[in-house]
Amino acid sequence: MHDSTMPYRGRFAPSPTGPLHFGSLIAAAGSYLDARWNGGVWLVRIEDLDRPREAKGAADAILRTLEGYGFEWDGPVVWQSRRGAVYAAALEHLERDGAVFPCACTRREISDSTLGGTSEPIYPGTCRSGIPAGRRARAIRARVDDAVIGFEDRLQGKIEQNLAHEVGDFVVRRADGLFAYQMAVVVDDFEQGVTDVVRGADLLASTPRQMLLQRRMGYPAPQYMHLPVAVNRNGEKLSKQTLAAPLAPAESPLQLWRALRFLGQEPPTELKTEGIATLWSWALANWQAGKIPRRRSIREDPGCF
């Protein structure tokens, strides 16, 4: 259960697969302003577990961009790539409790035998009772059993997911030995004492998996607020893959002003040309989470601003 009596601790946790873009700024600004408005701490964590996908120099560039846009975080930056021993200890805990199992299946095998007609293959449970003869373990999966996870998102409302029917037993350690995002983020949020997670709605479907792991490890669940994500004209989330433009330091007041408008905050037009400190001063004094559009995505249209 979420403990609302704990002092607010929020975080921004980008993956260094490329530079920050407008969509990143929305998530960073929303989490930062919500933390500061509630008198809380705002942490930065670099989620660099997936080294094969990491862009050279991206992590340092992300931190420089945050500084250039006037963000001020509390405490040292946490790097997931340096926390393997912590994740391994958490996995041992799950293994002792029988909450995970080794899996020999390849992605192709799962795709070929998936249950249902969803866009993402649902694990059919092939190795749940043991690895077939002649096969060796590849990944480690969490047992979902018959878990139905529900929670109240601060923005998106009531969310419920039947993990067995919609996800299946999911990976917590990959075949290449790397810990999966779902595992690492749960451990990190607990270790950092995060009470409130404010992030993009593209991660909404992952939240029930994370809440299941929280329950299995005896961790309290943070309170969640999933912000609408910016999408392009084709309905695709802004990302490196969809060629989203990197944030330019020289445009920091204008881009932050646009992000505030996107989040429903109605900053005065004249602030577009003011310094970044002036804009932050207004935003910190006028933040209203209740004005954020209750949508999962909004088309990003520079021309309308």
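Residues numbered from 1 in each chain as written. Predicted model: local features only at pLDDT ≥ 70, side-chain atom pairs only at ≥ 80, totals over all residues. Heavy atoms only, no water.

A. How the structure looks around the pattern of salt bridges. Summed over all chains, the structure comprises 16 salt bridges. Arg-45 is the partner of Asp-188 in a salt bridge, and the nearest nitrogen-oxygen pair spans 3.7 Å. Here the residue Asp-188 occupies a position in helix H6 (residues 181–191), and Arg-45 occupies one in strand E2 (residues 41–46), the gap between them amounting to 143 residues. With respect to class, Asp-188 is no different from Arg-45; both count as buried. Residues Glu-266 and Lys-291 are paired through a salt bridge, measuring 3.7 Å at the closest nitrogen-oxygen approach. (Salt bridge = Lys/Arg side-chain N within 4 Å of Asp/Glu carboxyl O. Helix = DSSP H or I, 4+ residues; strand = E, 2+ residues; numbered from the N terminus. Buried < 20%, exposed > 50% of the residue type's maximum accessible area, 1.4 Å probe, protein only.)

B. Spotlight on the packing of helix H8 (residues 252–262) against helix H9 (residues 276–286). As a packed pair, H8 and H9 sit with axes 9 Å apart at the nearest point and diverge in direction by 20°. Classed by the angle they form, the pair H8 and H9 counts as roughly parallel. Two packed elements cross with a definite hand, and for H8 against H9 that hand is left-handed. Between H8 and H9, the contacting residues are Ser-252, Pro-253, Leu-256, Trp-257 and Leu-260 on the first element and Ile-276, Leu-279, Trp-280, Trp-282 and Ala-283 on the second. The class makeup of the residues in the contact of H8 with H9 is nine nonpolar, one polar and no charged. (Axes fitted to C-alpha atoms, helices over the stretch in contact; angles between N-to-C directions. Parallel < 35°, antiparallel > 145°, perpendicular 65-115°, else oblique. Left-handed = near helix turned anticlockwise from the far one by under 90°. Contact = heavy atoms within 4.5 Å. Nonpolar A, V, L, I, M, F, W, Y, C, P; charged D, E, K, R; others polar.)

C. Molecular detail of the pairing of strand E10 (residues 223–227). Within E10, four of the five residues are buried, leaving the element largely enclosed by the surrounding structure. Direction of pairing for strand E9 (residues 196–200) relative to E10: parallel, over a ladder of five bridges. Directly across from Asp-196, in E10, lies its bridge partner Gln-223. (Pairing = 2+ DSSP bridges.)

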